[in-house]
Each structure stands twice: as C-alpha cells, then as structure tokens.
Amino acid sequence: MKNICIMGTGYVGLVTGACLADLGNRVRCVDIDAEKIKILNDGKLPIYEPGLQELITNNVSRERLSFSEDISGSIRKSEVIFISVGTPSDGDGKVNLLYVEGAAEMIAQNLNDFKVIVNKSTVSVGTGKRLMEIIEKKSPSKAEFEVVSNPEFLREGSAINDFMHPDRIVIGTNSERAYGIITEIYGPLYLIETPFIKTSIETAELIKYASNAFLSVKISFINEIANICDKTGADVHVVARAMGLDGRISPKFLHAGPGFGGSCFPKDILGLVQLAKERGISPVLVEAAIKVNNAQRKVMVEKLKKLVPNLGGKTIAILGLAFKPNTDDVRESPALDIIKILLEEGCTVNAYDPVALDNAKKAIPEINCYDNMMDACEGADSVMIMTEWNELRQIDLIMLKEKLGAPNMVDCKNIYDPVKMKEEGFNYLSVGRPLLEAD
Ligand code: UGA
C-alpha cells in the first residue's frame with residue numbers, strides 16, 4: 001500500500017486514481033478546479049467513462065480514494081505523486097507546459113520528505129529534466145526526490161480495462177529507488193510477469209509520441225487506401241483484413257473512416273512535428289498523416305454531395321457526435337468538423353448522440369439536438385453515421401426510411417452492409433466499399 005497523490009482530475013488522473021485505489025493504495029486526487037472537486041465529492045463525474053463511476057464510488061466508500069482541494073496537504077502526505085494535468089496545444093502545436101510546471105512548483109513547496117514524482121501528462125522530450133530543475137530550485141527543504149516519466153496508453157471508452165491490462169508499462173527514470181517503487185505499484189496488475197520497459201526519461205517521453213503518431217499514420221494510411229478503393233472497385237475491409245493477418249502489420253487501427261479525432265492523436269502528432277522541427281528535422285511522414293486526416297473530413301462531405309448535390313437549404317441528420325463510442329468527448333471530433341462544413345454550405349443540422357449532445361451543443365450552438373435518433377432523422381435529406389455507437393449498429397431501417405425525407409445514408413463508419421442497404425432501398429455510401437457507386 002502506498003500513499004499516492006494524483007494532481008489533475010481529468011480523464012487520465014481520475015482513471016489512474018480510481019484504479020490505483022482499487023489495487024489497495026490510499027489515493028488522494030487533487031485539482032485546482034474547485035468545481036470539479038465539488039462534483040466528485042457530490043458523488044458525480046465530470047466526464048463519461050464506462051465503469052468509472054462504480055469504481056470511484058466503491059473505492060471512496062472503502063476510504064481508499066478521496067478528492068480534495070488541499071493540494072499542499074495531499075502532496076505532503078504522499079510518497080508518490082502523479083502529475084496528470086492538461087497539456088494544451090499552443091496555436092503552432094507546441095505543448096503548453098504551464099500546468100505541468102505549476103504542479104512541479106507546488107510539489108517543490110511541499111517537499112517534506114523523499115518523494116517520487118511521476119509525470120503522466122503528455123509532454124515534449126526534455127520536460128522531465130525541466131521538472132527536476134524546477135523542483136530542485138524551488139524546494140525550500142531540499143529533501144530528496146526522483147522524477148519518473150510514465151506515459152499513459154489509455155483509450156477513452158475503455159480506459160479502465162486498458163489500465164488494468166496494459167500491453168506495457170513504460171518507466172523512464174535513472175533512479176533504481178524510484179524504479180523499485182513504481183514497479184511495486186504496478187506489479188499487482190500481473191500475477192506472473194508485468195511487461196515493464198525500463199528506460200531513460202527522454203526515451204519514455206518519446207515512446208508516447210511515437211506510439212500515438214504511429215497509430216495516426218496507420219489510420220491515415222488505411223484512409224488513403226480506402227479512397228483508392230473508392231476509385232478502383234476494391235473493398236477496404238477485405239484489404240485491411242488481409243493486411244492484418246500478416247503479423248508484421250497487425251489488424252488493429254486499420255478501420256477506415258472520417259479520420260481520427262479526440263484529445264490525443266491530433267494534439268500529440270502536432271506536438272511531435274513541432275518537437276522534430278525545433279531540432280532541425282522535417283517529419284515528412286507524420287505531416288502527411290495530418291494532411292490526409294484533415295482532407296478525409298472533406299472526402300466524407302463529397303460523398304454526401306453525391307447523394308444530395310446541392311446542400312444549401314437541405315437538412316442533414318448526424319448520428320453520433322462523440323469522437324468515438326463510449327465517451328462524451330467531442331474534442332477534434334470528425335462529426336463536429338463535418339457539421340461545421342455543412343453549416344457553411346447552408347445546411348440545417350439535426351443531431352443525435354447517446355451522451356455527447358450537451359458537449360456538442362456547447363461547441364456548435366447551431367446544431368439542433370435530439371434525444372431520439374428517429375426524431376433527428378425526421379424529414380432529413382440524408383443521414384450521416386459518424387460514430388460507431390452500439391445502438392447505431394442495429395437501427396430499425398424500415399422506420400428510418402419512413403422518417404427520412406429521402407432514403408440517403410453516408411455511413412462514415414462502415415457499420416452497414418452495402419448489399420443489404422441496397423435491398424432495403426437506401427442510396428448508401430460508405431468508406432472504401434464502392435459496391436453501389438460502381439452500379
Ligand atoms: C489514444 C491511444 O489509442 C491511447 O493509447 C492513448 O493513451 C491516448 O490516445 C492518449 O494519448 O491519451 P483515444 O484517443 O482515447 O486513445 O482513442 P483511440 O481509440 O485511439 O481512437 C482515436 C481516434 O482514431 C478516434 O477518432 C477513432 O475513431 C480513430 N480510429 C481508431 C480510426 O479512425 N480507425 C481505427 O482503426 C482506429
């Protein structure tokens with residue numbers, strides 16, 4: 001059992017805190033945002049993440065997990081401090097370290113005893129060293145401490161499972177003492193052998209960027225192949241499946257669609273570009289992935305225009321607003337990017353999402369939000385599926401056709417079978433499966 005302080009109650013901090021408490025540690029989660037702490041102490045969650053509410057409630061009731069505004073006190077009572085604060089992108093893609101450095105200063109002021117400071121926030125290479133300098137310089141006590149880079153690989157929507165069953169745990173440190181403490185914390189995740197990667201702080205920091213950038217490149221690659229499929233009559237699902245059966249390629253992250261979104265890939269890939277450029281390297285491949293991703297939103301609108309040639313004055317129903325299923329996060333969501341284009345074209349946009357309506361409405365007030373998907377589709381000139389929520393996978397197609405003003409569907413997530421959709425009487429377009437376009 002360790003006394004742990006988690007600084008930052010965003011999505012990474014909350015999941016990490018709740019999971020570490022569940023493993024038997026005493027975890028104090030702190031935040032400078034008093035409103036967030038109040039929500040959490042009222043037994044609610046500021047974000048939607050499956051299973052998190054139950055995990056938090058359970059561990060709070062067992063007194064292993066608490067939320068507090070008392071940052072100083074919580075740091076002082078803890079041996080291990082995780083920094084999981086926001087690292088927003090500046091306009092040029094550079095990572096803003098304001099909150100991370102602020103956290104380091106708070107730790108320095110309250111360094112009453114030996115502590116391991118674990119950075120989980122995604123930061124540019126060299127930040128770990130910078131944190132060491134800040135703490136060394138600003139700590140009145142000059143007590144001992146070690147800094148560790150421990151990047152997170154949690155996916156929104158399946159974050160608890162990812163935390164509890166990690167593919168690897170990267171521990172960047174040059175201290176054996178800190179390494180021992182961190183492996184003690186994560187060791188219980190595996191009964192036989194935990195997949196630890198012990199490395200330097202800089203390498204750990206780059207592993208995070210390299211992993212997210214590689215997955216982004218993979219998605220942009222399959223989207224480019226999908227666009228070629230559209231023009232050649234090939235089927236991207238079969239191409240991806242056959243590619244994925246090659247163990248060197250792997251089948252994961254080969255799902256074509258409207259491009260990647262979320263709070264990580266778009267920001268991190270820009271961060272890597274910036275990092276490379278600052279060191280005189282031109283990251284051609286990574287920049288190309290960004291370009292393909294931005295263009296993919298427009299490719300989806302072009303598909304819609306094939307079904308509804310003059311968009312001005314038309315009503316389009318959007319099903320799914322979150323950047324992926326099982327989250328209410330709409331940051332960099334492909335749905336929102338496409339909605340912006342549709343609004344510019346003069347469309348009326350009706351939308352439905354099981355949990356992300358409020359966040360989407362805050363981001364784009366012009367969206368007409370509906371609690372029921374069929375109401376959103378009523379009289380629309382086309383429907384676009386933007387997120388592969390489970391409940392959108394088995395839509396009552398007969399009812400949908402009756403509701404729509406015209407039986408047009410652009411399925412940006414390739415949920416439905418083109419042959420079946422044709423039989424059901426839909427004008428149906430998807431991504432890289434051009435069966436009907438060739439007809
Ligand atoms: C991503 C990484 O997968 C995590 O490992 C990482 O920890 C996290 O970023 C982070 O840096 O914090 P996340 O953004 O939650 O996690 O979601 P993903 O499941 O990776 O999806 C990202 C985007 O890629 C979504 O828009 C998704 O729809 C899209 N995607 C994913 C595709 O278009 N095709 C695919 O085959 C897979």
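Everything numeric here is computed off the predicted structure, so don't read it as measured data.

> Whenever I open this one, the packing of aromatic side chains confuses me. Can you help?
To describe a pair of aromatic rings, you give the distance between the ring centres and the angle between the ring planes. Using the criterion set out here, one finds four aromatic pairs in the structure. With a centroid separation of 6.4 Å and 70 degrees between ring planes, the pair formed by Tyr179 and Phe196 is classed as edge-to-face. Placement of Tyr179 in helix α8 (residues 176-186) and of Phe196 in strand β8 (residues 196-199) is noted, with a sequence separation of 17 residues between them. The buried category is assigned to Tyr179, whose relative accessible area is 17%. Using a relative accessible area of 24% as the deciding quantity, one classes Phe196 as partly exposed. For the ring pair Phe260 and Phe265, a centre distance of 5.9 Å and an interplane angle of 85 degrees mean the geometry is edge-to-face. Across from the ring centre of Phe114, 3.5 Å away, lies the NZ or CZ of Arg177, which sits over that ring. Just above the ring of Tyr179 sits the side chain of Lys198; from NZ or CZ to the centre is 5.2 Å.

> Which parts of the structure should I look at to understand the site of the ligand?
Around the ligand, a shell composed of 19 residues is seen, among which Glu152, Glu156, Lys208, Asn212 and Lys324 lie nearest. Contact between the ligand and Leu254: an oxygen atom at 3.4 Å from a main-chain N or O atom of the residue. Here an oxygen atom of the ligand sits 2.9 Å away from a polar atom, N or O, in the main chain of His255. Relative to its unbound accessible area of 710 Å², the ligand is 92% covered by the protein chains. Elements supplying a minimum of two residues to the shell around the ligand: α9 (201-232) and α11 (265-278). Top contributing element to the shell around the ligand by residue count: α9, with three residues. A per-class count over the shell around the ligand returns nine nonpolar, three polar and seven charged.

> Would you explain the packing of α9 against helix α12 (residues 284-307) in this entry?
Two numbers describe a pair of packed helices, the interaxial angle and the distance between the axes. One can describe the packing of α9 onto α12 by two numbers: an axis separation of 9 Å at closest approach and a directional angle of 45 degrees. Relative to α12, the element α9 lies oblique. Between α9 and α12 the crossing geometry is left-handed. Contacts between α9 and α12 pair Ser216, Val217, Ser220, Asn223, Glu224, Asn227 and Asp230 from the former with Leu285, Val286, Ala289, Val292, Asn293, Gln296, Val299 and Lys303 from the latter. Among the residues forming the contact of α9 with α12, the class breakdown is six nonpolar, six polar and three charged.

> For this particular structure, what's the right way to read the pattern of salt bridges?
For side chains of opposite charge, pairing can occur when their charged atoms come near one another. Tallying each qualifying case throughout the model produces 25 salt bridges. Linking Glu79 and Lys2 is a salt bridge whose minimum nitrogen-to-oxygen distance equals 3.7 Å. Highlighted residues: Glu79 in the loop between α4 (71-76) and β4 (80-83) and Lys2 in the segment before β1 (3-7), separated in sequence by 77 residues. The partner of Glu202 in a salt bridge is Lys129, and the shortest N-O contact between them spans 2.8 Å. In this pair, Glu202 is assigned in helix α9 and Lys129 in helix α6 (residues 127-138), connecting sequence segments 73 residues apart. With a relative accessible area of 27%, Glu202 lands in the partly exposed category. When salt bridges that share partners are traced, they join Lys2, Glu79 and Glu184 into one network.

> When you look at the domain arrangement of the chain in this model, what are you seeing that I'm missing?
Accessible area lost upon the coming together of the parts serves often as the stated size of an interface. Assigned domains within the chain: domain 1 (3-199) and domain 2 (212-429). Residue-level contacts link 16 residues of domain 1 with 18 residues of domain 2. In this assembly, domain 1 packs against domain 2 so that about 1,300 Å² is buried in total across both faces, 51% of it on carbon and sulfur atoms. For the pair domain 1 and domain 2, the number of links is two salt bridges. Two residues, Glu278 and Lys94, come together in a salt bridge whose shortest N-O distance is 3.9 Å. Our enumeration of links across domain 1 and domain 2 arrives at three residue pairs in polar contact (both at pLDDT 80 or more).

> What's the story with helix α13 (residues 334-344) in this structure? I'm lost.
An α-helical turn contains 3.6 residues, so a residue and the one three or four places further along point in the same direction. Taken as a whole, α13 has its buried residues at Pro334, Ala335, Leu336, Ile338, Ile339 and Leu342. Next to the buried residues of α13 lie α12, β9 (315-319), β10 (348-352), α14 (357-363) and β12 (382-385). Once α13 finishes, Gly346 follows within two positions and takes phi at roughly 90 degrees, a positive value.

Cut-offs and rules
For every chain, the first residue of the written sequence is number 1, and numbering continues from 1 along that sequence. Per-residue local features of the predicted model are confined to residues with pLDDT of at least 70, and side-chain atom pairs are confined, for both listing and counting, to 80 or more; whole-chain, interface and lining totals are unaffected and use all residues. The basis for the side-chain values is all heavy atoms of the structure; hydrogens and waters are excluded. Under the pairing criterion, centres of Phe, Tyr and Trp rings, with the six-membered ring standing for Trp, must be within 6.5 Å; the plane angle then separates stacked pairs below 30 degrees from edge-to-face pairs above 60, leaving the rest tilted. For helices the rule is a DSSP run of H or I covering at least 4 residues; for strands it is a run of E covering at least 2, with both sets numbered from the N terminus onward. Only protein chains enter the area calculation, which uses a 1.4 Å probe; residues under 20% of their type maximum are buried, those over 50% are exposed, and those in between are partly exposed. Geometrically, a lysine NZ or arginine CZ counts as sitting over a ring once it is within 6 Å of the ring centre and also within 35 degrees of the ring normal. Throughout this document, a residue counts as near a molecule or strand when at least one of its heavy atoms sits within 4 Å of that molecule or strand. N or O atoms within 3.5 Å of each other form a polar contact, as long as, within protein, one can give a hydrogen and the other can take it, and as long as residues adjacent in sequence are counted only when both atoms are side-chain atoms. Using the Shrake-Rupley algorithm and a 1.4 Å probe, accessible areas are obtained, with residue cover drawn only from the displayed protein chains. For this classification, Asp, Glu, Lys and Arg are treated as charged, while Ala, Val, Leu, Ile, Met, Phe, Trp, Tyr, Cys and Pro are nonpolar and the rest, including Gly, are polar. Note on geometry: axes are C-alpha line fits, over the in-contact stretch for helices, and angles between N-to-C directions span 0 to 180 degrees. Orientation categories follow fixed angle ranges, with anything under 35 degrees roughly parallel, anything over 145 roughly antiparallel, 65 to 115 roughly perpendicular, and all other angles oblique. Crossings are assigned a handedness: left-handed for a near helix turned anticlockwise from the far helix by less than a right angle, right-handed for a clockwise turn. The contact rule is simple, with two residues in contact once any of their heavy atoms fall within 4.5 Å. Salt bridges are counted wherever a side-chain nitrogen of Lys or Arg sits within 4 Å of a carboxyl oxygen of Asp or Glu. What counts as a domain boundary in this text is fixed by an automatic or database domain assignment. The term buried area means the drop in 1.4 Å probe accessible area that two parts suffer when joined, counted for both and summed.

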